[in-house]
Amino acid sequence: MSASTGPESSGASAVPPKPTWDPREPSRPYPWLRPTIRIRLTLLYGGMFLIAGIVLLTIIYLLAAQALQENTALPFRILDANAQLTSDRCPGLTGTLPSEVFMQRLSECTDAQRALALDQLLRRSLIALLGLAVAAFAFGYVMAGRVLAPLGRITRTARQVAGSDLHKRIELEGPDDELKELADTFDEMLDRLDRAFTAQQRFVANASHELRTPLAINRTLLEVQLSDPDASPELQQLGKTLLATNERSEELVEGLLLLARSENEIVDRKPVDLSEVANQAVEQVRGEAGNKGLELRGVRQPAYAQGNGVLLERVALNLLQNAVRYNLREGGWVSVTTEPLPGQAVLVVENTGPAVPAYEIDNLFEPFRRLGGDRTGSDKGVGLGLSIVRSVARAHGGTVSAEPREDGGLVIRVALPV
């Protein structure tokens, strides 16, 4: 596991589920602050109304102030007056006053009344504008929802397609506008994807039969020839070499077919205990680890994930085979642990081994890629092990991460949703 994508042989499995794509976005730290299109349209509608209302209110206020200002001169003159006040707004108009004094104080009182009237007009207009703005935002929110309803239908259909059914279509009705054009284009894309994935399924099924059968026949013929006691030593050696080559070809074919199937999202999921899967994988590699003098360690707690048990067992086995085959020659060890975490089940495989540069980690998960970018063959595997691990994890909606150990080797962590 420290230097190659290693072995990945896999047995045949059932017909894979229909492949899908996953439109889910990365989780946000504050999802309630997500600026959805509906919220933005609501703010746009309401904001435009609010700005228009403020402009209209300003114009009305200025026109009213100007009209009142242009008519400040009283169209009469009082010669002798004895005023009796009905309010305390103009206290200077009490008693008997000379004509000039009375007219001056009356003008001041009129100006004060004019300012008071403008203030009341402004306050009441602002209150009315606030109420209308709230109504405008609510109305804008409702209208934005109606306008974006076709997009919601497109999104729901996309999620159904991503879940299990490529035969689902939007079939949006209504006027021939941009949204209907988008829905029709999406339906056409689904048609092409459906045909492509159906063709891929047929190809995988046919390749599975056409490639396995001749290899199985070759293996049988070679084993029969090797069992012949009259075969010469040279023929025996040639048969063993050809048998090893045939076995490697079978591993390569099985790995490629499993890799193609594991790219599809797992639809039929059942609870799988990763500790049980890891224990089975440990038992399968225990003999090989003992022959190399490696210690198998680790605490495996029950950790249940939703998925396919056969594929998850292949994940654990690939990681363990890599960890055993790419390890130290003496004093090495392999640690296999499982633990349940909130929302996920985790499988961690750690091993000693050669040092792995951090910049080479991503290359190890590419098909046929090995440490240093080497693509040549290896007697330890065909170079698909970690590629299959990553594909299976993705098909389960999980993640795979790897990091080098300071003393050499790798720590690979597989996190799967529960």
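Everything below is about the structure shown above.
These lines cover the structure that appears in this document, whether it is placed above or below. Bear in mind the structure is a predicted one, so any value in this text is a computation, not a measurement.

**Re the overall build of the protein**
Phase 1 of the analysis: Helices and strands together make up the secondary structure of the protein, namely 8 helices and 9 strands.
Phase 2 of the analysis: For the protein, with 418 residues in total, the buried portion stands at 36%.
Phase 3 of the analysis: Looking at the protein alone, contacts between residues at least 24 apart form 73% of all its contacts between residues at least 6 apart.

**Notes on the environment of Val161**
Phase 1 of the analysis: Along the chain, the position of Val161 falls in helix 2 (residues 99–163).
Phase 2 of the analysis: By relative accessible area, which is 0% here, Val161 ends up buried.
Phase 3 of the analysis: C-alpha separation for the pair Val161 and Leu190, spaced 29 residues apart in sequence, amounts to 8.6 Å.

**As for the pattern of salt bridges**
Phase 1 of the analysis: Tallied over the entire structure, the rule returns 5 salt bridges.
Phase 2 of the analysis: When the shortest N-O distance is used, the salt bridge between Glu288 and Arg325 registers 2.8 Å. Taken together, the positions of Glu288 in helix 5 (residues 274–291) and Arg325 in helix 6 (residues 309–325) put the pair 37 residues apart, joining distant regions of the chain.
Phase 3 of the analysis: Arg325 gets classed as partly exposed once you look at its relative accessible area, which sits at 21%.
Phase 4 of the analysis: Among the ionic pairs, Arg405 bridges to Glu350, the shortest N-O distance being 2.9 Å. With a gap of 55 residues between them, Arg405 in the loop between strand 8 (399–404) and strand 9 (410–417) and Glu350 in strand 7 (residues 344–351) connect regions that are remote in the sequence.

**Here's the deal with the sheet that holds strand 6 (residues 333–341)**
Two pairing modes exist for strands in a sheet, parallel and antiparallel, and in both the strands are linked by backbone hydrogen bonds.
Phase 1 of the analysis: In space, the 5 strands of this open sheet follow the order 4-6-7-9-8, with mixed pairing throughout. Edge positions in the open sheet fall to strand 4 (295–297) and strand 8, since each of these has one partner strand only. Adjacent strand axes in the sheet meet at a mean angle of 15° when their direction is disregarded.
Phase 2 of the analysis: Sheet analysis places strand 4 next to strand 6, joined by 3 bridges and oriented parallel.

**A closer look at helix 6**
Phase 1 of the analysis: Taking 1.5 Å per residue, 17 residues should reach 24 Å; helix 6 reaches 24 Å between its end C-alpha atoms and fits that length.
Phase 2 of the analysis: Within helix 6, 13 of the 17 residues are buried, which leaves the element mostly enclosed by the surrounding structure.
Phase 3 of the analysis: With a side-chain oxygen positioned 3.0 Å from the backbone nitrogen of Leu311, the residue opening helix 6 is Asn308.

**As for the nonpolar core**
Phase 1 of the analysis: By size, the foremost hydrophobic cluster in this structure holds 39 residues, and its most contacted members are Leu319, Val336, Leu347 and Val414.
Phase 2 of the analysis: Listing elements by their share of this core, those giving two or more residues are helix 5, helix 6, strand 6, strand 7, helix 7 (361–364), helix 8 (385–395) and strand 9.
Phase 3 of the analysis: When neighbours within four sequence positions are excluded, Val414 is seen to be in contact with Val315, Leu319, Ala345, Val346, Leu347, Val389, Ala393, Thr399 and Val400.
Phase 4 of the analysis: In terms of nonpolar packing, the next biggest core, distinct from the first, is built from 8 residues, Val161, Leu172, Ala183 and Leu190 among them.

**Here we look at the packing of aromatic side chains**
Phase 1 of the analysis: As enumerated under the stated definition, the model contains 0 aromatic pairs in all.
Phase 2 of the analysis: Over the face of the ring belonging to Trp333 we find Arg297, whose NZ or CZ atom lies 4.4 Å from the ring centre.

**Topic: the side chain of Arg405**
Phase 1 of the analysis: When its relative accessible area of 18% is taken as the criterion, Arg405 is described as buried.
Phase 2 of the analysis: At a separation of 2.9 Å, a polar atom in the side chain of Arg405 contacts the side chain of Glu350.
Phase 3 of the analysis: Setting aside residues no more than four positions away along its own chain, Arg405 makes contact with Trp333, Glu350, Asn351, Thr352, Leu410 and Val411.

**Points about helix 5**
Given 3.6 residues per helical turn, the α-helix brings residues three or four places apart onto the same face.
Phase 1 of the analysis: Over its 18 residues, helix 5 runs 26 Å from end to end, which matches the ideal 26 Å to within 8%, given 1.5 Å per residue.
Phase 2 of the analysis: The sharpest bend along helix 5 comes to roughly 45°, located at Val285.
Phase 3 of the analysis: Looking only at helix 5, the buried set comprises Leu274, Ser275, Val277, Ala278, Ala281, Val282, Val285 and Ala289.
Phase 4 of the analysis: Elements in contact with the buried residues of helix 5: strand 3 (270–273), strand 4, helix 6, strand 6, strand 7 and strand 9.
Phase 5 of the analysis: A positive phi of about 70° marks Gly293, the residue just after helix 5.

**Observations concerning a negative patch on the surface**
Phase 1 of the analysis: Taken together, the side chains of Asp176, Asp177, Glu178 and Glu181 make up a negatively charged region of the molecular surface.
Phase 2 of the analysis: Relative to the helices and strands, Glu181 is located in helix 3 (residues 178–226).
Phase 3 of the analysis: The exposed category is assigned to Glu181, whose relative accessible area is 52%.

**A closer look at the packing of helix 5 against helix 6**
Angle between the axes and distance between the axes are the two parameters that describe a pair of packed helices.
Phase 1 of the analysis: Where helix 5 meets helix 6, the axes come as close as 9 Å, and the angle between the chain directions of the two elements is 35°. The interaxial crossing formed by helix 5 with helix 6 has right-handed handedness. The segment helix 5 lies against helix 6, with Leu274, Val277, Ala278, Gln280, Ala281, Val282, Gln284, Val285, Glu288 and Ala289 engaging Leu312, Glu313, Ala316, Leu317, Leu320, Gln321, Val324 and Arg325.
Phase 2 of the analysis: Of the residues in the contact of helix 5 with helix 6, the class split is 12 nonpolar, 3 polar and 3 charged.

**Side note on the packing of helix 6 against helix 8**
Phase 1 of the analysis: It is at 9 Å that the axes of helix 6 and helix 8 come closest, and there the two elements cross at 145°. For the element pair helix 6 and helix 8, the recorded crossing hand is left-handed. Between helix 6, through Leu311, Leu312, Arg314, Val315, Asn318, Leu319 and Asn322, and helix 8, the contact on the second element is made entirely by Gly385, Leu386, Ile388, Val389 and Val392.
Phase 2 of the analysis: In the contact of helix 6 with helix 8, the residues fall into 8 nonpolar, 3 polar and 1 charged.

Quick notes on the rules
Residues numbered from 1 in each chain as written. Predicted model: local features only at pLDDT ≥ 70, side-chain atom pairs only at ≥ 80, totals over all residues. Heavy atoms only, no water. Helix = DSSP H or I, 4+ residues; strand = E, 2+ residues; numbered from the N terminus. Buried < 20%, exposed > 50% of the residue type's maximum accessible area, 1.4 Å probe, protein only. Contact = heavy atoms within 4.5 Å. Salt bridge = Lys/Arg side-chain N within 4 Å of Asp/Glu carboxyl O. Pairing = 2+ DSSP bridges. Axes fitted to C-alpha atoms, helices over the stretch in contact; angles between N-to-C directions. Expected span 1.5 Å × (residues − 1). Polar contact = N/O pair within 3.5 Å; in protein donor to acceptor, adjacent residues only side chain to side chain. Core = buried A, V, L, I, M, F, W, Y, C linked by side-chain atoms within 4.5 Å. Phe/Tyr/Trp six-rings, centres within 6.5 Å; stacked < 30°, edge-to-face > 60°. Lys NZ or Arg CZ within 6 Å of the ring centre and 35° of its normal. Bend = angle between axes of the 7 residues up to and from the residue. Patch = residues over 30% accessible without salt bridge, like charges linked within 9 Å, V, L, I, M, F, W, Y side chains within 5 Å. Areas by Shrake-Rupley, 256 points an atom, 1.4 Å probe, with all protein chains shown as cover. Lys, Arg positive; Asp, Glu negative; His and termini not counted. Charge placed at Lys NZ, Arg CZ, Asp CG, Glu CD. Left-handed = near helix turned anticlockwise from the far one by under 90°. Nonpolar A, V, L, I, M, F, W, Y, C, P; charged D, E, K, R; others polar.

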